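Chain and residue survey
These are the residues of each chain, in order.
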Amino acid sequence: MDYVSALVPPVVMAVFFIGLVRVIVKTQGGAAKAKEDAAVDAALERGEGARKAPVGGDA
């Protein structure tokens, strides 16, 4: 019975890990994908604008 108690923790962790990966893959996209993409695009645009804006001085 020692082999059973040695195998249970890795098997349980593997099952939970597989479940976690499946949840992550299933939640990609969906109804909120366009909203998330728009938020990322807006953040990137703000970052680009801040980088291109003149800091001041004699240009």
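Residues numbered from 1 in each chain as written. Predicted model: local features only at pLDDT ≥ 70, side-chain atom pairs only at ≥ 80, totals over all residues. Heavy atoms only, no water.

Let's talk about the overall build of the protein
Of regular secondary structure, the protein possesses two helices and zero strands. In the form shown here, the protein has an accessible surface area of approximately 5600 Å², with 69% of it arising from carbon and sulfur atoms. (Helix = DSSP H or I, 4+ residues; strand = E, 2+ residues; numbered from the N terminus. Areas by Shrake-Rupley, 256 points an atom, 1.4 Å probe, with all protein chains shown as cover.)

Here we look at helix 1 (residues 2-27)
With 26 residues, helix 1 ought to run about 38 Å at 1.5 Å a step, and its terminal C-alpha atoms sit 39 Å apart, in line with that. The sharpest bend along helix 1 measures roughly 30 degrees and falls at Val8, with the proline Pro9 sitting one to four residues further on. One or two positions beyond helix 1, positive phi appears at Gly29, with a value near 85 degrees. (Expected span 1.5 Å × (residues − 1). Bend = angle between axes of the 7 residues up to and from the residue.)

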